[in-house]
Structures are given as C-alpha cells and as structure tokens.
Amino acid sequence: KISGCKACGTESTCRECEDGYELEDGGQHCLYGQRLSWFVVLPVVGSLFAWFMVDAVRAHWRDNVNPAALEAGLLHRFRMKVRQPTEGNPRYPLTAAFHTMS
C-alpha cells in the first residue's frame, strides 16, 4: 500500500491520492502537497530558535553592569513571596489552597 493513496491502480501504483497529496512518478508515490512550504518554515523556525538560544546564553554569561539594581530587584522578589503569619514566616507549601483559607 502506498502512503496517502486513496484508490489503487495496481498493487504497486496509485490511481488517486488522498486530499492534500499529489500523485508523483506515474503513480509510484503520493507526496504531501504542502511539503515545499515546510522546507521554508522549518529553517526559519530553527534559525529563530538558534538565535534565541545564543542570546540567552550570552545574557547568562554577561557581567553584571548594575549591581545596585540587581540587589534591589532580588530584595523586591524576596519580599513579594507569600509567607505564613507564623513564627519565622515560612513560605506556604505549593499545594496550599488559598481560596479555602480564612
């Protein structure tokens, strides 16, 4: 059976392909009709992904140019964490159901 074949011509050929497929090589193959667009889309997406990864690695290894702002940001992030009003103010567990607490 030929992949994408709707109606067989003989045991090894196809007379008609499924919707979205094109008959090639005298009925020997049914090829996906949008395959050429994928030859464009995949390299573009791959290039964007590679660009993002290179930029992320470069940002990770870059020196800190504003230590005061970094300290202020880390302190703000620490203060924004929701904590329990008990001794030591521990953080709530990840499974805490805040909508049922009063």
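Residues numbered from 1 in each chain as written. Predicted model: local features only at pLDDT ≥ 70, side-chain atom pairs only at ≥ 80, totals over all residues. Heavy atoms only, no water.

Here we look at the overall build of the protein
And step 1. Regarding its fold elements, the protein presents two helices and four strands.
And step 2. Along the chain direction, N to C, the helices and strands of the protein fall in the order β-β-β-β-α-α.
And step 3. Computed over C-alpha atoms, the radius of gyration of the protein comes to 29 Å, more than 25% over the 13 Å expected from 2.2 N^0.38 for 102 residues, which places it beyond the range of a compact globule.
And step 4. By the burial criterion, 9% of the 102 residues in the protein qualify as buried.
And step 5. Restricting the contact set of the protein to residue pairs at least 6 apart, pairs at least 24 apart contribute 10%.
And step 6. Between the centroid of the 11 positive side chains of the protein and the centroid of its 11 negative side chains there is a distance of 15 Å. (Helix = DSSP H or I, 4+ residues; strand = E, 2+ residues; numbered from the N terminus. Rg over C-alpha atoms; globule rule 2.2 N^0.38 Å. Buried < 20%, exposed > 50% of the residue type's maximum accessible area, 1.4 Å probe, protein only. Contact = heavy atoms within 4.5 Å. Lys, Arg positive; Asp, Glu negative; His and termini not counted. Charge placed at Lys NZ, Arg CZ, Asp CG, Glu CD.)

Function cannot be inferred from these measures alone, as they are strictly geometric.
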